Amino acid sequence: HILLIDSNSPLMEQLNFFHDHTLLIITLITILVGYNMLSLLTNSFINRFLLHGQLIEIIWTILPAIILLFIAFPSLRLLYLLDETNKPSLTLKSIGHQWYWSYEYSDFKNIEFDSYMVPSAELNEGDFRLLDVDNRIVLPNHTQIRLIATATDVIHSWTVPSLGVKIDATPGRLNQTNFYMNRSGLFFGQCSEICG
């Protein structure tokens, strides 16, 4: 996939497929319009009896509408899949603070911890600057996981690109999403809002 991260969830795979599908349509439209513009620059089409072209006007009105349907139906299907909440086996609560996140596992035991970014001066060999944290979340794969996000101060956004998950954490509000991991590994996310 061009410029997209490797997927780790079924939803991210569907997002990658939709990206490729839409990119193919846009490429074909660009080639067709480019060919027509080049043809207009190099040829002089003159017909003194041509006053109107009803058939061509119908075609260039109906054809873009059909192309838009080929984009709209997969997009609506994907929006529905992203918003659908299945029966979760595990719930993780994520609370956004400025410069760190707090997490709560409330299903089994009341486990709470804060997760801070590792300062650049304390990074080990192979660590990622501005991505590694001192306390990582540990989640099972092949399990439906519900994420509840909120914040204490300003709007934050909890994001893990390889899972296709991005949810706003708003003070005084609980937002919910779910995800499912296909494989185990270390997956990085970052706050993706301009906070404050």
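Conventions used here
Residues numbered from 1 in each chain as written. Predicted model: local features only at pLDDT ≥ 70, side-chain atom pairs only at ≥ 80, totals over all residues. Heavy atoms only, no water. UniProt positions renumbered as here; feature names shortened; annotations may be inferred. Buried < 20%, exposed > 50% of the residue type's maximum accessible area, 1.4 Å probe, protein only. Helix = DSSP H or I, 4+ residues; strand = E, 2+ residues; numbered from the N terminus. Pairing = 2+ DSSP bridges. Core = buried A, V, L, I, M, F, W, Y, C linked by side-chain atoms within 4.5 Å. Contact = heavy atoms within 4.5 Å. 1 Å grid on protein atoms, 1.4 Å probe; cavity = no way out; pocket = protein on both sides within 12 Å on 5 of 7 lines; lining within 4 Å. Points joined across faces, edges and corners; volume = space filled by probe spheres on them. Nonpolar A, V, L, I, M, F, W, Y, C, P; charged D, E, K, R; others polar. Domains from an automatic or database assignment. Buried area = accessible area lost by both parts, 1.4 Å probe. Salt bridge = Lys/Arg side-chain N within 4 Å of Asp/Glu carboxyl O. Polar contact = N/O pair within 3.5 Å; in protein donor to acceptor, adjacent residues only side chain to side chain.

In the nomenclature of an unreviewed UniProt entry, the protein is known as Cytochrome c oxidase subunit 2 of Forcipomyia taiwana. Quoted verbatim from the Subcellular location (unreviewed entry) heading of the UniProt record, the comment on the protein is "Mitochondrion inner membrane". In its Sequence similarities (unreviewed entry) section, the UniProt entry covering the protein states "Belongs to the cytochrome c oxidase subunit 2 family."

**Some remarks on the pairing of strand 5 (residues 156-160)**
Counting buried residues along strand 5, five of its five residues qualify, which places the element largely inside the surrounding structure. Side chains His156, Trp158 and Val160 of strand 5 all project onto a buried face; the interleaved residues Ser157 and Thr159 project onto the opposite face, where all are buried too. In this structure, strand 5 lies alongside strand 6 (residues 165-169), joined through five bridges in antiparallel fashion. Note that in strand 6 the partner of serine 157 across the bridge is aspartate 168. Hairpin geometry of strand 5 and strand 6 is characterised by an intervening segment of four residues between the two adjacent antiparallel strands and by a positive phi of about 70° at glycine 164.

**Observations concerning the nonpolar core**
Counting 18 residues, the largest nonpolar core has Tyr103, Leu147, Trp158, Leu163 and Phe179 as the members making the most contacts within it. Going through the elements one at a time, strand 1 (90-97), strand 2 (100-105), strand 4 (144-151), strand 5 and strand 6 are the ones with two or more residues in this core. With four residues, the top contributor of residues to this core is strand 4. Those residues in contact with phenylalanine 179 that lie beyond four places of it in its chain are Leu139, Thr143, Gln144, Ile145, Leu147, Trp158, Leu163 and Val165.

**Quick look at the layout of surface pockets**
Put simply, the largest pocket is a space of about 920 Å³. Lining the largest pocket we find 36 residues, and of these Tyr103, Leu131, Val133, Gly189 and Gln190 sit closest to its centre. Those elements that place two or more of their residues in the lining of the largest pocket are strand 2, strand 3 (111-116) and strand 5. Of the pockets and cavities examined, the second largest pocket occupies roughly 240 Å³. If you trace the second largest pocket, you find it lined by Leu28, Ile29, Leu32, Val33, Ile56, Ile59, Trp60, Leu63, Pro64 and Ile67. Secondary structure elements with two or more residues in the lining of the second largest pocket: helix 1 (10-42) and helix 2 (54-83). Split into classes, the residues belonging to the lining of the second largest pocket amount to 10 nonpolar, no polar and no charged.

**Thoughts on the domain arrangement of the protein**
Each assigned domain of the protein is listed here: domain 1 (10-83) and domain 2 (90-181). Taken over C-alpha atoms, the centre of domain 1 sits 40 Å from the centre of domain 2. Between domain 1 and domain 2, a total of about 370 Å² is buried, with carbon and sulfur atoms accounting for 58% of that surface. At the boundary of domain 1 and domain 2, one finds zero salt bridges. At the junction of domain 1 and domain 2, the tally comes to zero residue pairs in polar contact (both at pLDDT 80 or more). For the side of domain 1 that touches domain 2, the element with the most residues is helix 1, which contributes four residues. Considered class by class, the residues forming the side of domain 1 that touches domain 2 number five nonpolar, no polar and no charged.

**Overview of the environment of lysine 109**
Mapped onto the secondary structure, lysine 109 falls in the loop between strand 2 and strand 3. On the basis of relative accessibility, which here comes to 61%, the residue lysine 109 falls in the exposed class. Separated by 37 residues in sequence, lysine 109 and arginine 146 place their C-alpha atoms 16 Å apart.

**Brief notes about unusual backbone geometry**
We note that tryptophan 99 has phi near 80°; this positive angle belongs to a residue other than glycine. Here the phi dihedral of histidine 142 falls at roughly 55°; this positive angle occurs in a residue that is not glycine. By secondary structure assignment, the location of histidine 142 is in the loop between strand 3 and strand 4.

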